[in-house]
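# Geometric and topological summary
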Amino acid sequence: MTNIMAKNLHGRLRVLAQNLWWAWHPEVIRLFTDIDPILWRKVQHNPIAFLNQLTPEQIENRASGVALYSRINYAFRRLNEYLERQGTWGATHCSNLHHRPVAYFSAEFGLHESLPFYSGGLGILAGDHLKSASDLGIPLIGIGLLYNQGYFNQRLNADGWQEEDYASLDIEKTPLEAVTDSGGQPLVVGIDTRNGQLRARVWELHVGRVRLLLLDSNIEGNSTEDRELTSRLYGGDKRVRIRQELLLGIGGAQALQALNISTGVMHLNEGHSAFAVLEEMRRLMEYDQIPFDRARRRVTLCTVFTTHTPIAAGHDRFAPDLVEEHLGIFRKKLGLSHNDFLALGRINPGDRSEPFCMTVLALKNSRWANGVSAIHASVSRRMWHDLWQKRREVEVPIGHITNGVHVLSWLAPQMHRLFQTRLAQDWTIRMVHPDVWEKVADIDDGELWETHQALKTRLIHFVRRRLIVQAERLGHRDTIEQIQQILDPQVLTIGCGRRFATYKRLNLILSQPDRLARLVKDPYRPIQIIFAGKAHARDHGGKQALQRVAQFCFNPDYKMRIVFVENYDYNVARHLVQGVDVWLNNPRKPLEACGTSGQKVILNGGLNLSVLDGWWNEAYNGQNGFAIGRGGIHNDPDIQYQRDAEFLYNTLEEEVIPLYYDRDRSGIPRHWIQRIKNGIQGLGWRFNADRMVKDYAERFYLPSANALSSDDNRLF
Ligand SMILES: *Cc1c(COP(=O)(O)O)cnc(C)c1O
C-alpha cells in the first residue's frame, strides 16, 4: 500500500470524526469499533482521541486486515451527501430562514459522552434539538458555553456516599475548532461591567449541518476568577451564575454579530440566556437609530422562550445590586434608568425589593412562550399568572410543545437493523408519520424478543464491568467473583436513571423493604433493579437518598438484585434505556416538566412504568405501558408519597410481573410484546425530536421570520 492511500484513509476518518454526525450513524460507530474495539472503549468512544493514538500506517493495516476500505469510503460519501442534500424538509418549508437562521441559546448541550457540556435533561434535549434541526435541514445555529470541566464525575465511597471529581477537557481530544474574526485572529467577545471587562473566545462544533458556537472565558487578559467562570456547570454562587449568563446571552449575541449572522428568530432554551434579547435590542438601536421601545417590540416579535421547570429554585433570580454591578454600563446604552431596567425582570415593576428574574425577562420579551408538556404548561400558567393579572389563568399566554428524543441517537444499532429491514426504506426521514410505524405489527415476536434480550444481556455485561471497576477502586476484591455473576437476563429488569433530586423520589420503590424483598426473591417471578443518577454536589438530601439506594446493593436480603451504576451520563443512559424491560419513573406530580428518558426506552423495546405526569400523561392509553396511580395529586407530599408507593407495588404485583412472566410454549411473552408493539406504533411518531422541532418551526420559527420579512413597518 502506498503512503498516500494511508493518509487518505486516516484523513477521511478525521473528517468523519470532526462532525458529530457520526454519533447518530451506527455504521460509522461500527467502523471505529472494528478498527480497534479495545482502544475505542478505552478512549470512551471519542473518535478524535482514538485517531490521535493511531498512526496512518496502523489504521491502514487494520483496515486492510478487516476489509474496511470500502466502508470508510462509503461513510465518507454519506457524510458529504448528507451535508449537501438539497431536498430537505427545511429547504422546502423554511426558505425564510435561509438568510436569517434561528439562534438557539442554551446553557447546556448534551451531544455525546465525550463532550461534557450538559448535566441532565435540559442539555440532552438541546442536543437532540440540534440534531433534529440538522436532519430536517432547518437553518439553526446553537449558542452555548464551553465548560472545561463540565458537570462532575460521580464516585461512591465505601459508605455509599457520593463524591465528586472534575476532569479537565483536553481540547486536542475534541472536534472543537477555534472561530476566527475577519482578520484571522481568534474571535473574542467582551462585556463591560462595573469591575472590568469580561471576555471570552469562541469555539465551534459541527453537528451535522448545524453549527454550535461555544464561549470560553479561559483566556489571557481575564482575571483568574473569570478564567474559571465557564469551567463548571452549575458550580458557583449567584455571582458566577450571573457572569456565566452575561457571557451566554450578551456574549453569544455579540458572537453572532461578529460573524455577520443576522438571526431571524431567537430561541431561548430556558431563562439562562435571556440577556441575549437585550443585546439584540441594543444592536437595533444603534444600527437602525431607533428608540428602545421600538427595538424592544421588534426583538420581542422574533423571540421564542421555552421554560423547563415547575420548581421555583430552577428560575434564576438576582439581587438588584448584583444586576447593577454587571449590567449598569450596558443599561446606559439602552438609555434606561436603574429601575426601568430592573422592571424588565420584575413581576411587579413598582416593587423595589423584588429580585430580577431571568424567566420574567424572557416572558416579558418574547412573542411566544411554551412549556414542555401539556401539564407543565398549565402549571406554568399558574406559576406566572401574576405577570398577566388582568387575564384569567387559562388565558396566560404559555402554550406547550411536548419534548421528543432524537431517535437515531438513542436507538440501539440492533433495533435499528430490525427496523431497517421491516419499515419503509426512508423511515428515518419520515418518522413523524404514523404510517411509518404501522409495519412494526409485522415484526416477528420471536425476533423482536431475541433482539431485546440481546440488548438486555449487553446492559448486564456493561453493569458488571462498571461494578468491577468500582469494587477494584474500593479494594473489595472479594466481591469481584460475585459481580461476574450479578443480574440475570431472564429476570424482569427494571431501570431507574435520573437526577437524585428530592421531587424525583428515586426511593419510592424502597419504601416498603419487606415487600420489595419478596418481589426480588420470588423463586419463580423475581425482579431486579438497576439504579443510576447524580445528586447535585450541594444537595445533601439528594446524597442521602442515593446512599439509601446504595445500602440495598450487595445486601444479601436482596440477593444482589439491586445495583447502582456510578456516573449517570449519556453513555450510561444509552445502555440503560436500550436494555431494560421496564423504565421506572415516579416523580411527585406535577413537578416533572416532561421527562424524556422514558421516550428513549419505547423504541428499544422497553415499557414505561410511570406516574401520569409530563409526557406519559399524554402517551399512556392502558395498552402501551403501565401507569402508577390514576393521576391524582395530594396537597400533602407525604400522603402522596404513601399513596404512590402503594400504587407502585400494586401495579408491579398485579400487572407488570404477571404479564412479563406469562409465556407461551416457546417461552415468548406474547402479551408483553404486544404492549411493546403498541408503544412503538402509537408513540414512535409523536415523541421524537423531529416532530418537536417541526412543531417549533411551524408554530414559532416561520411566523417570526415572516414578521421580519414583511414590509409592515407598523409592526416596528
Ligand atoms: C434523557 C436523559 C435525561 C433526561 O431524562 P429525564 O427523564 O428528564 O430524567 C437526563 N440525563 C441523561 C443522561 C439522559 O440521557
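Here the residue numbers are simple positions, counted from 1 along each chain's written sequence. In keeping with the model being predicted, local features are shown solely for residues with a pLDDT of at least 70 and side-chain atom pairs are shown and tallied solely at 80 or more, while totals for entire chains, interfaces and linings include all residues. Remark: hydrogens and water are excluded; side-chain values derive from all non-hydrogen atoms of the structure.

Regarding its fold elements, the protein chain presents 29 helices and 20 strands. Taken over C-alpha atoms, the radius of gyration comes to 26 Å for the protein chain, in line with the 27 Å a tight globule of 716 residues would show. Each principal axis of the C-alpha atoms in the protein chain carries an extent, and together these give about 80 × 75 × 55 Å. Burial status follows relative accessibility: with a 1.4 Å probe on protein chains alone, a residue under 20% of its type maximum counts as buried, one over 50% as exposed, and anything between as partly exposed. Counting the 716 residues in the protein chain, one finds 60% classified as buried. Calculation of accessible area relied on Shrake-Rupley with a 1.4 Å probe; when residues are assessed, cover is drawn exclusively from the protein chains displayed. When the accessible area of the protein chain is evaluated, it comes to approximately 28,100 Å², of which 47% is carbon and sulfur surface. The numbering of helices and of strands both runs from the N terminus, where a helix is a DSSP run of H or I of at least 4 residues and a strand a run of E of at least 2. A radius of gyration in this sense is built from C-alpha atoms; the matching globule rule multiplies 2.2 Å by the number of residues raised to 0.38.

Further remarks concern the side chain of R298. Relative to the helices and strands, R298 is located in helix α12 (residues 292-301). Take R298: its relative accessible area is 17%, and that puts it in the buried class. Whenever a nitrogen or oxygen atom comes within 3.5 Å of another N or O atom, the pair is scored as a polar contact, on the condition that within protein one atom can donate a hydrogen and the other can accept it, and that pairs from neighbouring residues in sequence are kept only if both atoms are in side chains. Reaching out from R298, the side chain makes a polar contact with the side chain of D288 at a distance of 2.8 Å.

The next point concerns the sheet that holds strand β16 (residues 527-532). We call two strands paired when DSSP finds no fewer than two bridges between them. Spatially, 6 strands are ordered β17-β16-β15-β18-β19-β20 in an open sheet, and the strand pairing comes out parallel. Pairing within the sheet leaves two strands with one partner each, and these edge strands are β17 (562-565) and β20 (626-628). Strand-to-strand, the axes of this sheet are offset by a mean angle of 20°, without reference to chain direction. Here helix α27 (residues 637-660) sits on the sheet and contacts β15 (492-497), β16, β18 (582-585), β19 (607-611) and β20; the angle it forms with β20, its principal contact strand, is near 160°. For helices, the fitted axis covers only the stretch in contact; all axes are lines through C-alpha atoms, and the angles between them, taken along N-to-C directions, range from 0 to 180 degrees. Contacts are assigned to residue pairs with any non-hydrogen atoms lying within 4.5 Å of each other.

For the rest of this paragraph, the subject is the site of the ligand. The cutoff for a nearby residue is simple: one of its non-hydrogen atoms must lie within 4 Å of the molecule or strand. Among the 13 residues in the neighbourhood of the ligand, the closest are listed as W410, A573, T596, S597 and K600. K600 is positioned such that a nitrogen or oxygen atom in its side chain is 2.6 Å from an oxygen atom of the ligand. Relative to its unbound accessible surface of 390 Å², the ligand loses 92% to contact with the protein. Broken down by secondary-structure element, the contributors of at least two residues to the shell around the ligand are α8 (121-136) and α25 (597-603). Throughout, the ten residues Ala, Val, Leu, Ile, Met, Phe, Trp, Tyr, Cys and Pro are labelled nonpolar, Asp, Glu, Lys and Arg are labelled charged, and all others, Gly among them, are labelled polar. Residue composition of the shell around the ligand, grouped by class: 4 nonpolar, 5 polar and 4 charged. Domain start and stop points were drawn from an automatic or database domain assignment. Counting only domains with at least three residues in the shell around the ligand, you end up with domain 2 (97-155 + 176-403 + 695-711) and domain 3 (434-685).

Bringing the packing of helix α11 (residues 275-288) against helix α13 (residues 320-333) into the picture now. At their nearest, the axes of α11 and α13 sit 10 Å apart, and the two run at 35° to each other. Handedness of the crossing formed by α11 with α13: left-handed. In this structure, α11 contributes F275, L278, E279, R282 and M285 to the contact, and α13 contributes L327, F330 and K333. Broken down by class, the residue content of the contact of α11 with α13 amounts to 5 nonpolar, no polar and 3 charged. Left-handed describes a crossing whose near helix is turned anticlockwise from the far helix by less than a right angle; the clockwise case is right-handed.

Glancing now at the packing of aromatic side chains. Note on ring pairs: Phe, Tyr and Trp rings are taken, using the six-membered ring of Trp, and paired if centres are within 6.5 Å. Classes follow the plane angle, with under 30 degrees stacked, over 60 edge-to-face and the rest tilted. Applying the stated criterion to the full structure yields 28 aromatic pairs. Ring geometry for F32 against F50: centres 5.8 Å apart, planes inclined by 80°, an arrangement best described as edge-to-face. Here F32 is found in helix α2 (residues 26-35), whereas its partner F50 is found in helix α4 (residues 47-52), with 18 residues between them in sequence. Residue F32 shares its accessibility class with F50, and that shared class is buried. Pairwise contacts between aromatic rings join W449, F626, Y660, Y661 and W672 into one cluster. Residue placement shows R201 over the ring face of W203; its charged tip is 4.3 Å from the ring centre. Over the ring of Y660 we find R663; its NZ or CZ atom is 4.7 Å from the centre of that ring. Whether a charge lies above a ring is judged from NZ of Lys or CZ of Arg, which has to be within 6 Å of the ring centre and within 35 degrees of the ring normal.

One side-chain nitrogen of Lys or Arg within 4 Å of one carboxyl oxygen of Asp or Glu is enough to make a salt bridge. Scanning the entire structure with this criterion turns up 32 salt bridges. Among the ionic pairs, R331 bridges to E324, the shortest N-O distance being 2.9 Å. Taken individually, R331 and E324 each receive the classification buried, so the pair is uniform in this respect. Of the charged contacts, one joins E566 and R473 as a salt bridge, the two residues approaching to 2.8 Å between their closest N and O atoms. In this pair, E566 is assigned in the loop between β17 and α24 (570-579) and R473 in helix α20 (residues 445-473), connecting sequence segments 93 residues apart. Overall, E566 belongs to the buried group, its relative accessible area being 8%. Via salt bridges that share partners, D445, D664, R670 and K677 belong to a single interconnected network.

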